[in-house]
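The lines below spell out each chain.
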Amino acid sequence: MLKIEELEEIQKGLFDKYSGIKKDRIIIGMGTCGIAAGAEEILKTAQKEIKKLNLKDIEISITGCLGICAEEPIMEIRTNNERYIYGNLNPEKTREILKTHLGERNIINRWLIDQNSDFFSKQKRIVLKNCGNINPENIEEAIANHGYLGLAKALKSFSPNEVIEIIKNAKLRGRGGAGFSTGLKWELAANNSTQEKYLICNADEGDPGAFMDRSILEGDPHRLLEGMALAAYAVGASRGYIYCRAEYPLAIKRLKKAIKSAEGMGLLGENILDSGFDFRVNIRLGAGAFVCGEETALIASIEGKRGEPRSKPPFPSESGLFEKATVINNVETLANVPEIIRKGSEWFKKIGTEASPGTKVFALAGEIKKNGLVEVPMGTTPGEIIFDICGGLENDAEFKAAQTGGPSGGCIPIEHLNVPIDYDSLKELGTIMGSGGLIVMDTQTCMVDLAKYFIDFCKDESCGQCTSCRIGTTRMLEILEKISEGRGEKEDLDLLVEMGEVIKDSSFCGLGQSAPNPVLSTIRYFKDEYLDHIENKHCDSSVCASLFTSPCQNACPANVDVPLYIDAIRQGDYKRAYQIIQIENPLVLVCGRVCYNLCENACNRDGIDEALAIRELKRFASDYLLKNEDGFPIPEIEAEKDKKIAVIGSGPSGLTAAFYLRKKGYQVTIFEAETEVGGMLALGIPEYRLPKELLNEEIGVLTAMGVEIVVNTKIGEDILIEDLREEGFWAVYLAVGAQKDRDLNIEGSEEVEGYYSALDVLKELNQGHEFDFKDKKISVIGGGNAAIDTARNMIRLGAEEVNIIYRRTKNDMPAHKEEIREAEYERVNIYSQLNPHKIHSENNKIKKLECLEVKGGKFDQSGRRKPVEIKDSKLMIDTDIIISAVGQEVEDYFNKGKFKVELTKNNLIKSEGDFSTNVDWIFAGGDCVSGPSTVVESIQQGKKAASEIDKYLGGDGEVVKKENFERNISSPILEEQKSRVKMPTILLSERKRGFKEVEKGYSLDQAVEEASRCLRCDVKEKEEVI
Amino acid sequence: MSLNLKESHEYEAELKNKLKKYSGHNYELIEVLHEAQELIGYLPKEAQKIIADHLNLAPGRVNSVVSFYNHFSEYSKGEFQVSLCKGTACYVKGSQDIIKKIEDKYGIKSGQTTEDGKVSLNVVRCLGACGLSPVMTVNGKAYGLLNPEKAVKIIENYLNGKIKEEGNA
């Protein structure tokens, strides 16, 4: 019989034994996640390879989950306590590693997991300390790492009451989610004078997305057993149960083995460590009922009954299992106890926040780069966990919200990324800590759909006892289904909120009381999204499939019927393809070259291999018509109307409005201030992206339709708005764009040579002006498309060096990601997190740009870290030319006459979303209202403005005729994996020599090949194709 | 339609043998049901009766526990387990029609197994393969872009051996 004093000696001995292992050890991560990723094959491969390489004196062992699930399967090679952890393995890599590392003693650096990365260094691992480091099936390794020493200390030096006081002092709160004081719970049970008491560990972990407890059970079961023994000692229990869900077979296996080993050593069972304290532990299996995570339902389950919760009071501490005093604690709570006893409550209180000391384990899942388990001090912010520790979102997607607490919790939107996480702060936000699941969502997640998923789950898992929960969750689900199917009504939102509150108030147990949380929380933060579903029957994330034909069309701001025109291309009918696009977007060639292609982000094909190259296909159709047919089709004009309409500005918004108004039969005249037609299309976007000649071909469609374009006529200078009125124009559409560069306001910029504004440079370049930028060092300040366009132009002008200076991180740059990639290929240097401060010049010539380094401060409303300057971090950049591209405003020269159009405080035209202004016959849309936006969004604005103008003039406002196209699968869909056809581009050497178009365009074969990848998500009934 | 695919004599003796190690306390019911289901593959009414007897419980009580917990099944899983997805994307593409076709063709409803034990049908929340909707899995292998005829054809191909499963059957 092992005695208390002996344990310490044994620990020392084992510590020396295991840390002193001279021979090489191969340790394979064998948690359930590792096994699911293929760890068993890695183990077999390792065993075979060792034999093959004839390596002697190697020990092969296993461990639990390290927490970095994104890198599984994982294999560690440990020699003399030096740890080399390799991740993302397959059998081939494994063989290579064993041969190179163990055979030749050479490390393969690029496959190693960086143990010093933020993922590890920013964690504070107390309960997960041993997970991934020791063999969970070997009790010696647990003891070597101080396992059971806390128990020994307590049995030796503390009375049960003293143990309770320590835990109370430490302010340990229940990690299962409710956050109730563990010490207090123990005290209540301890004070109960009944003889028989029970200690139950709740290892049901039913939340979808939560796997913290599983990691502890599989990776360090002795820690849990020790915690349970300490709890039992404190409250006076001699029998313990671990209620573990049946879906965790590996955890159950490891627990059984651990209990047996512990009993074998006298650390569990009768007369533990010869102290007279008895504590026997048994395992009880769950059977797939989420509600059994609730303590009284759990008790019922152990009693062999249906898992139906009971009323409280009496609380379990008074009358629980078999009507005896019972304490139920969560796995993570109990796993915290041994260290607290060993190191003291003061040590524990130094970690975390005042109201919630200690750490919390979070399970990161969803659209996150490094999914897995992290243990951080309470008070860490969601922003830190998601972006600093776990590397941000997959594919650098845009963060939308994070769900905490699973089906009982709510969401944390962008505006709360800075809130320190603890039990109370989360409650205020309308969510709960819950078990610690943290699901990260990007803009492709629909919050209505998410709420529906969780309420569906709760409805399924409801035990059925109380009407509130049983019927309430069903009714709430029905309303959400209505909304997601386009049958929602305005009252539905209020009804959901009212029902939610009632269900919370009147449900019998925690399941019902928290089931409405995801719905209430998403309504609180994403009401607009619900209203979009109800009022506009629109799902922005392209998830609620009843609301759209295909996700690509749904994501397109102009609602272009993508699958239909892709099919037309596949059938060789390029004219039809162009016409289909032209129905919703007249600037086909333009968008085929410069569109942001939001459609591709929503493409379902991405789930198989890669999204379709939709933009490239659109370009192919327009190019084919130009080359092989008589140019672009001209649409039919409706009956001629007598009314004249003036469009000011020939950018995308103006051109589009003119197109639709002319199609309706109006007499349309476009007034353009410059000589060139196209606005930013001609004077902003560079020649190598959109050649002027081709742009003018497309504008030719409008003139062929009868739109008059008057150039070199600036409203406010050459002609006033009142003159237009006098000339008989019934309405005026202001589409003047936001073409004034915002002032950088930088010291030293007055009166020096070489300081330019990006828009001026782009315009003059496009107008043929010659700049002397050859062999110069050029700095472009800004991170949007104007900055990138400018920088890439500078390369073509022969600059020696082109640097982009941006104050946030590269990820935060608003420019199109494709453009940023191309800029880097063309050798533009991008310097991020630098704030320009002062221009240094000599003899009026710029010499240097002084910048301050910037670090990310708190998260702001855009979900990005606010740049905070680092004091005394001056950096000087040699430069000859500085070009500023930091924002755009409206030039309001149109207000020079007697009519004044109101502006907002941001110097944009004020319009309430219906394109009207304070003057009822003057309308406005595009960049001059919204600020700098994208081409396709401006096109949509122009289209909608045309509709409003038509309505104002007595028309029906229907500028796009609703057509019901027949949708058939014309040829078989390519279902096997096939990556997208790459757009051929010209080489860097060619690019630098001039302004030749960078993208070469698809050949006919390439276009048909790519078009065959379309899944035709728009076709509902897929008949068998023979 | 018969639900009891295994005749009770096939498992009665072994079940009673396994029950011996349980002391007969009725709170051991769930442990017993786990073990019985592992032995037989599911929990037919006969087995439930035997268990009820041994633990001194009313058969109705045992059945109420079996019907409560998701893990316990009164129907055996078929040799070919067919799962249809009822997520929004699949629903809109006509997964309902596919489900109905399978139900009609094989005479079973969701959650049930055919009399010969070959095909069982399950409807799940979301398989996560929305790009291929409507989606069906057979013993875990996914098939997409279906229509009712195509789906039934695939199941038939499993039944007549045209599709062979890899690895352990």
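As a reminder, the structure under discussion sits directly above these lines.
Residues numbered from 1 in each chain as written. Chains lettered and ligands numbered in written order. Predicted model: local features only at pLDDT ≥ 70, side-chain atom pairs only at ≥ 80, totals over all residues. Heavy atoms only, no water.

So, on to the overall build of chain B. What chain B contains, in helices and strands, is seven helices and four strands. When each of the 169 residues of chain B is scored for burial, the buried share is 47%. Counted over contacts in chain B with a minimum sequence separation of 6, partners at least 24 positions apart contribute 64%. When the accessible surface of chain B is totalled, it reaches about 8400 Å², and 46% of it is carbon and sulfur. (Helix = DSSP H or I, 4+ residues; strand = E, 2+ residues; numbered from the N terminus. Buried < 20%, exposed > 50% of the residue type's maximum accessible area, 1.4 Å probe, protein only. Contact = heavy atoms within 4.5 Å. Areas by Shrake-Rupley, 256 points an atom, 1.4 Å probe, with all protein chains shown as cover.)

Our next topic: the overall build of chain A. Scanning chain A for helices and strands turns up 40 helices and 29 strands. In terms of C-alpha radius of gyration, chain A reaches 34 Å, essentially the compact-globule figure of 31 Å for 1026 residues. Going through the 1026 residues of chain A one by one, you find that 59% of them count as buried. Of the contacts made within chain A by residues no fewer than 6 positions apart, 71% connect residues no fewer than 24 positions apart. Of the roughly 40900 Å² of accessible surface on chain A, a fraction of 46% belongs to carbon and sulfur atoms. Computed over 133 positive and 165 negative side-chain charges, the separation of the two mean positions in chain A equals 5 Å. (Rg over C-alpha atoms; globule rule 2.2 N^0.38 Å. Lys, Arg positive; Asp, Glu negative; His and termini not counted. Charge placed at Lys NZ, Arg CZ, Asp CG, Glu CD.)

In this section: helix H8 (residues 160-169) of chain A. Residue and element names in this part refer to chain A. Those residues of H8 not exposed but buried are Val163, Ile164, Ile166 and Ile167. Along the axis of H8, the buried positions cluster into a sector of 160 degrees, meaning they face one direction only. Looking at the packing, one finds that the buried side of H8 touches helix H7 (149-157), helix H9 (182-191), helix H11 (221-235), helix H14 (331-343) and helix H15 (345-349). Lys171 lies just past H8 and shows a positive phi near 55 degrees. (Arc of directions from axis to C-beta.)

Residues and elements named next belong to chain A. The strand order across the open sheet formed by four strands is S2-S1-S3-S4, and the pairing between neighbours is mixed. At either margin of the open sheet sits one strand with a lone partner, and together these are strand S2 (58-63) and strand S4 (82-86). Here the strands of the sheet are splayed against their neighbours by 20 degrees on average, with no regard to which way each runs. The pairing of strand S1 (residues 24-29) with strand S3 (residues 75-79) spans four bridges and is classified as antiparallel. Of the residues in S3, the one forming a bridge with Ile27 is Glu76. (Pairing = 2+ DSSP bridges. Axes fitted to C-alpha atoms, helices over the stretch in contact; angles between N-to-C directions.)

This part covers the interface of chain B and chain A. Taken together, the contact pairs 32 residues of chain B with 45 residues of chain A. Taken together, both faces of the contact between chain B and chain A bury some 3000 Å²; the carbon and sulfur share is 53%. Between chain B and chain A we count one salt bridge in total. The closest approach of N and O atoms between Arg284 of chain A and Glu31 of chain B, which form a salt bridge, is 3.7 Å. Seen at the junction of chain B and chain A, the total is nine residue pairs in polar contact (both at pLDDT 80 or more). Breaking the side of chain B that touches chain A down by element, the ones donating at least two residues are helix H2 (29-40), helix H4 (59-68) and helix H5 (88-92) of chain B. Ranked by residues supplied to the side of chain B that touches chain A, first place goes to H4 of chain B with five residues. Its residues assigned to classes, the side of chain B that touches chain A comprises 14 nonpolar, ten polar and eight charged. (Buried area = accessible area lost by both parts, 1.4 Å probe. Salt bridge = Lys/Arg side-chain N within 4 Å of Asp/Glu carboxyl O. Polar contact = N/O pair within 3.5 Å; in protein donor to acceptor, adjacent residues only side chain to side chain. Nonpolar A, V, L, I, M, F, W, Y, C, P; charged D, E, K, R; others polar.)

Relative to the assigned elements, Thr445 of chain A resides in the loop between strand S14 (437-442) and helix H18 (447-461). Apart from the residues within four sequence positions on either side, Thr445 of chain A is in contact with Lys400, Glu529 and Ser541 of chain A.

All names here are of chain A. Tallied over the full model, the rule gives 88 salt bridges over all chains. The salt bridge involving Glu295 is made with Lys312; its shortest N-O contact spans 3.2 Å. Of this pair, Glu295 sits in helix H13 (residues 295-302) while Lys312 sits in the loop between H13 and strand S9 (325-330), placing them 17 residues apart in sequence. The closest approach of N and O atoms between Arg593 and Asp623, which form a salt bridge, is 3.0 Å. Remark: Asp623 occurs in helix H29 (residues 614-628) and Arg593 occurs in helix H27 (residues 588-594); sequence separation between them is 30 residues. An identical accessibility class is assigned to Arg593 and Asp623; each is buried. Among the charged side chains, a salt-bridge network with shared partners connects Arg689, Asp789, Arg792, Arg796, Glu819, Glu822, Glu826 and Arg991.

Take helix H25 (residues 562-570) of chain A next. Residues and elements named next belong to chain A. Across the nine residues of H25, nine count as buried, placing the element largely inside the fold. Along H25, the residues classified as buried are Val562, Pro563, Leu564, Tyr565, Ile566, Asp567, Ala568, Ile569 and Arg570. Residues of H25 that are buried sit in contact with helix H24 (551-555), helix H26 (574-584), H29 and helix H40 (1004-1011). Looking one or two residues past H25, Gly572 carries a phi angle of roughly 80 degrees, positive in sign.

For the rest of this paragraph, the subject is the pairing of strand S24 (residues 834-842) of chain A. Remark: a regular strand shows side chains that alternate across the two faces of the sheet. Residue and element names in this part refer to chain A. Here eight bridges tie S24 to strand S25 (residues 845-859), and the two strands are oriented antiparallel to one another. Looking across to S25, one finds that Glu842 is bridged to Lys845. Here S24 folds back onto S25 in antiparallel fashion, the turn holding two residues, of which Asn843 has a positive phi close to 55 degrees.

All names here are of chain A. Overall, parallel pairing links the five strands, which are arranged S20-S27-S21-S22-S23 in an open sheet. The open sheet has two edge strands with one neighbour each: strand S20 (755-757) and strand S23 (829-831). Taken pair by pair, the neighbouring strands of this sheet meet at an average axis angle of 20 degrees, ignoring direction. Direction of pairing for strand S21 (residues 777-781) relative to strand S27 (residues 881-884): parallel, over a ladder of four bridges. Following the sheet pairing, Ser779 is matched in S27 by Ile882. Along the sheet, helix H34 (residues 758-766) makes contact with S20 and S27, crossing S20 at roughly 80 degrees.

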